[in-house]
Amino acid sequence: MGIQALPVTIEVHLTNGLPRLSIVGLPETAVKESQDRVRSALINSQFEFPLQRVTINLAPADLPKEGGRFDLAIALGILAASRQIPSDDLSHYEFVGELALNGDLRPVRGVLPMALEARDAQRQVVVPYDNATEASMVSGASILPVKHLLDFCLHLQNITPIIPYCTEHTPDSATVYHIADLSDVRGQYHAKRALEVAAAGGHNLLMMGPPGTGKTMLASRMPGILPPMAENEALETATVASIAVGGFDADLWGIRPFRAPHHTASGVALVGGGSHPRPGEISRAHNGILFLDELPEFDKRVLEVLREPMESGYIIISRAAHQAEFPANFQLVAAMNPCPCGYRGDSNNRCQCNPQQVNRYRSKISGPLLDRIDLHIEVPNLPRAELRQDRTSESSADVRARVIAAREIQIQRCGKQNSLLSSKDIDSHCRLKENDERLLDTAIEQLGLSARAWYRILKVARTIADLSNSENIQTSHLTEAITYRRLERKKI
Ligand SMILES: Nc1ncnc2c1ncn2[C@@H]1O[C@H](COP(=O)(O)OP(=O)(O)OP(=O)(O)O)[C@@H](O)[C@H]1O
Ligand SMILES: [Mg+2]
Ligand SMILES: [Zn+2]
């Protein structure tokens, strides 16, 4: 349910009568098919399949059950009910795993949240061997990996005890981060500064400029300057991956996700859904970056759905039977051209678009969506000479060091990044001097911005102050924050 693993109890009852097996408790196709897999697996593991009426109940009955993950528990239930294995100790364990016809265990999705739940219930969790690394990401969980049904039976009878699985998995974040370095991008200091501010406070960013000026290049270097993830953030992000299509990848543990869905992506792919709701791109980008390149090319309805999670940090997917909630605290980085042909505002006046075309293009991004993007910047065409000369760019590591320092100040102050500050936090931590209050009021009025923009500008100003290690927001910090909103209202 969402990213939560709810415990399911499996009851097995054997009675005399015509041999028949029935599974009750809202099983879906893959669960119903479990009886065929379990029967073959038991027989192929030299057990006997009871020649009796077998009733299997999956409780709670109103929770829809899907997938093959109940196979192992069903098989052990049948073995215990027919007294082929001792049943006393079974209640100390949680079981998960799909059976192959020969009794081997196949990996399943969602093992990480299950391990989390089992740890909190203080039970050992028995998982398919191929899921062991994933499960062991939950610190303090006791994981028993099994390759074959018989492995656990031997463990239960104390013949060959299984050794709990431990991993000291520390992926080398340096290799993932430093494929693309910020120093590859020449010039564009304004854009790089905005990238740094966005990274430091977790603010959303929109880049606008003609083709080939480095927008995509800049965005893809964003993960390299973000601060490392805290343990609980890493766990949340891995949990989402664990239940998503594609699954968990141990090599990405602790690395902020960077998701860049194509503009043809469907609503379900982007925000999540399906009859058994699965997380979409916005949830897979949880605690990381959602990069929407060519923003106006996205379906407008799809973009509108982003508004809700951008404020709340989660998404609720409602289905007739139940609701699923997925975390979606992503940082939006978007890129677009200024007009359909791309050359509006270019020094050579190459743009052929008429004002209606430009308007139609820009109106694909609604006001409310723009309002939620804190930093709007132009990424202009650079003079060739500047491109050639600029050789002294800073590396991602240098920028990242400043970002980390600024983020630490934020965590110390409020326990969270500036982009997550509530209006109450803002009132107490983003105070302005009297003159600056007036300055901000005038700017808001001139630019025709909303109350939300007012708060968002203050958050950005706070981040800029934190980057220069200043306790109070100074006038220069505020004016910089305001400049990042100017583009929004710029006359076309
Ligand atoms: N500032 C720059 N420094 C170094 N290389 C650059 C710069 N700008 C562009 N390039 C080069 O141009 C290529 C295209 O850049 P990029 O894909 O980032 O452009 P873009 O702004 O996203 O364009 P589009 O609007 O067409 O998507 C890059 O792969 C890089 O080789
Ligand atoms: Mg691009
Ligand atoms: Zn144009």
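All values derive from a computational prediction rather than experimental measurement.

Student: I tried to follow the sheet that holds strand β4 (residues 93–95) on my own but got confused; where do I start?
Tutor: Within a sheet, each strand pairs with its neighbour through backbone hydrogen bonds, oriented either parallel or antiparallel. If you trace the three strands from one edge of the open sheet to the other, you get β4-β7-β8, paired in parallel fashion. The open sheet terminates on both sides in strands that have one partner only, identified here as β4 and β8 (143–146). For this sheet, the mean angle separating the axes of adjacent strands, direction not counted, is 25°.

Student: Hey, could you run me through the pairing of strand β7 (residues 124–128) in this one?
Tutor: Moving residue by residue along a regular strand, the side chains alternate between the two faces of the sheet. Of all five residues making up β7, four are buried, and the element is well covered by its neighbours. Where β4 lies against β7, three bridges are found, and the strand directions are parallel. Counted as the bridge partner of Tyr93 is Gln124 from β7. Relative to β8, β7 runs parallel, the two being bridged by four bridges. The residue of β8 that forms the bridge with Val125 is Ile143.

Student: In this structure, what is going on with helix α10 (residues 231–243)? I would like to understand it.
Tutor: Since there are 3.6 residues in each turn of an α-helix, residues three or four apart along the chain are aligned in direction. Here α10 spans 19 Å end to end across 13 residues, near enough to the 18 Å set by a 1.5 Å rise per residue. By the criterion of burial, α10 is predominantly enclosed, with ten of the 13 residues buried. Within the span of α10, buried status applies to Glu233, Ala234, Leu235, Thr237, Ala238, Thr239, Val240, Ala241, Ser242 and Ile243. Those residues of α10 that are buried lie in contact with α4 (111–120), α5 (132–135), β12 (278–279), α12 (281–284) and β15 (323–327).

Student: For this particular structure, what's the right way to read the packing of aromatic side chains?
Tutor: For any pair of aromatic rings, geometry is given as the distance between the ring centres together with the angle between the planes. Under the counting rule described, the total for this entry stands at five aromatic pairs. Taking 5.1 Å as the distance between ring centres and 80° as the angle between the ring planes, the aromatic pair formed by Phe95 and Phe152 counts as edge-to-face. With Phe95 in strand β4 and Phe152 in helix α6 (residues 149–156), this pair connects stretches of sequence that are 57 residues apart. With a relative accessible area of 18%, Phe95 lands in the buried category.

Student: In this structure, what is going on with the packing of helix α8 (residues 189–201) against helix α18 (residues 396–414)? I would like to understand it.
Tutor: Any two packed helices are characterised by the angle at which their axes cross and by the distance between the axes. Taken N-terminus to C-terminus, the directions of α8 and α18 make an angle of 35°; their axes are 8 Å apart at the nearest point. As for the relative orientation of α8 and α18, their crossing is right-handed in sense. Here α8 contributes Glu196, Ala199, Ala200 and Gly201 to the contact with α18, which in turn contributes Val399, Arg402, Val403, Ala406, Arg407 and Gln410. Counted by class, the contact of α8 with α18 contains five nonpolar, two polar and three charged residues.

Student: Hey, could you run me through the coordination of the zinc ion (ligand 3) in this one?
Tutor: A four-donor tetrahedral metal ideally has 109.5 degree angles, and a six-donor octahedral metal ideally has angles of 90 or 180 degrees. At the metal site, the zinc ion (ligand 3) is ligated by Cys339 (SG), Cys341 (SG), Cys351 (SG) and Cys353 (SG), and these contacts range over 2.1 to 2.4 Å. What the four donor atoms of the zinc ion (ligand 3) show is an angle range of 105 to 113° at the metal, which sorts the shape as tetrahedral. Of note, the zinc ion (ligand 3) draws all its donor residues from one chain, in the sequence arrangement C-x1-C-x9-C-x1-C. In this pair, Cys341 is assigned in the loop between β16 (331–336) and α15 (355–362) and Cys353 in the loop between β16 and α15, connecting sequence segments twelve residues apart.

Student: What should I look at first to understand the pattern of salt bridges in this one?
Tutor: Pairs may arise between side chains of opposite charge once their charged atoms sit close together. Taken as a whole, this structure holds 21 salt bridges when the rule is applied. Between Arg278 and Glu66 there is a salt bridge, and its shortest N-O distance comes to 2.9 Å. Of this pair, Arg278 sits in strand β12 while Glu66 sits in the loop between β3 (53–59) and α3 (71–81); the two residues are 212 residues apart in sequence, bridging distant segments of the chain. Assessed through its relative accessible area of 17%, Arg278 is described here as buried. Among the salt bridges present, the one from Asp184 reaches Arg221, with a minimum N-O distance of 3.1 Å.

Student: Can you walk me through the site of ligand 1 in this structure?
Tutor: In the vicinity of ligand 1, 14 residues are found, and the nearest of them are Arg186, Gly212, Lys215, Thr216 and Met217. Thr213 is positioned such that a nitrogen or oxygen atom in its backbone is 3.2 Å from an oxygen atom of ligand 1. Between an oxygen atom of ligand 1 and a main-chain N or O atom of Gly214, the distance comes to 3.1 Å. Protein contact buries 65% of the 630 Å² of open area that ligand 1 shows by itself. Broken down by element, the shell around ligand 1 gets its largest block of residues, three residues, from helix α9 (residues 215–220). Grouping the constituent residues of the shell around ligand 1 by class yields four nonpolar, six polar and four charged.

Rules behind the numbers
Here the residue numbering is sequential within each chain, running from 1 through the sequence in written order. Each chain is given a letter, starting from A, and each ligand a number, starting from 1, according to the order in which they appear as written. Thresholds applied to this predicted model are a pLDDT of at least 70 for local features of residues and 80 or more for the giving and counting of side-chain atom pairs; totals over whole chains, interfaces and linings are not thresholded and use all residues. Excluded from the side-chain calculations are hydrogens and water; all other atoms, namely the structure's heavy atoms, are used. We treat two strands as partners when DSSP finds at least two bridges between them. Helix and strand assignments come from DSSP, with helices taken as H or I runs of at least 4 residues and strands as E runs of at least 2, each series counted from the N terminus. The axes used here are C-alpha line fits, helices contributing only the stretch in contact, and every angle between their N-to-C directions lies in the interval 0 to 180 degrees. Throughout this description, buried means an accessible area under 20% of the type-specific maximum (1.4 Å probe, protein chains only), exposed means over 50%, and partly exposed covers the range between. The span you would expect from a helix comes to 1.5 Å times its residue count less one. For this analysis, residues touch if any pair of their heavy atoms sits within 4.5 Å. We call Phe, Tyr and Trp rings a pair once their centres come within 6.5 Å, taking the six-membered ring for Trp, and we label the pair stacked below 30 degrees between planes, edge-to-face above 60, and tilted otherwise. Take the far helix as the reference: if the near one is turned anticlockwise from it by less than a right angle, the crossing is left-handed, and if turned clockwise, right-handed. Residues were grouped as follows: Ala, Val, Leu, Ile, Met, Phe, Trp, Tyr, Cys and Pro as nonpolar; Asp, Glu, Lys and Arg as charged; and all remaining residues, including Gly, as polar. Distances up to 2.8 Å from the metal define which N, O and S atoms are donors, and 3.2 Å serves for Na, K and Ca; water is absent from the atom set, so sites may look incomplete. Geometry is assigned from the angles between donors: four donors with all angles from 85 to 135 degrees make a tetrahedral site, four or six donors whose opposite pairs exceed 155 degrees while the rest stay between 65 and 115 make square planar or octahedral sites respectively, and everything else is labelled irregular. Salt bridge, as applied in this entry: a Lys or Arg side-chain nitrogen positioned within 4 Å of an Asp or Glu carboxyl oxygen. The near set for a molecule or strand comprises every residue that places at least one heavy atom within 4 Å of it. Here a polar contact is taken to be a pair of N or O atoms separated by no more than 3.5 Å, where protein atoms must pair a possible hydrogen donor with a possible acceptor and residues adjacent in sequence count only if both atoms sit in side chains. Surface exposure here means Shrake-Rupley accessible area, sampled with a 1.4 Å probe, where a residue is shielded only by the protein chains that are shown.

Keep in mind these numbers describe shape, not what the thing actually does.
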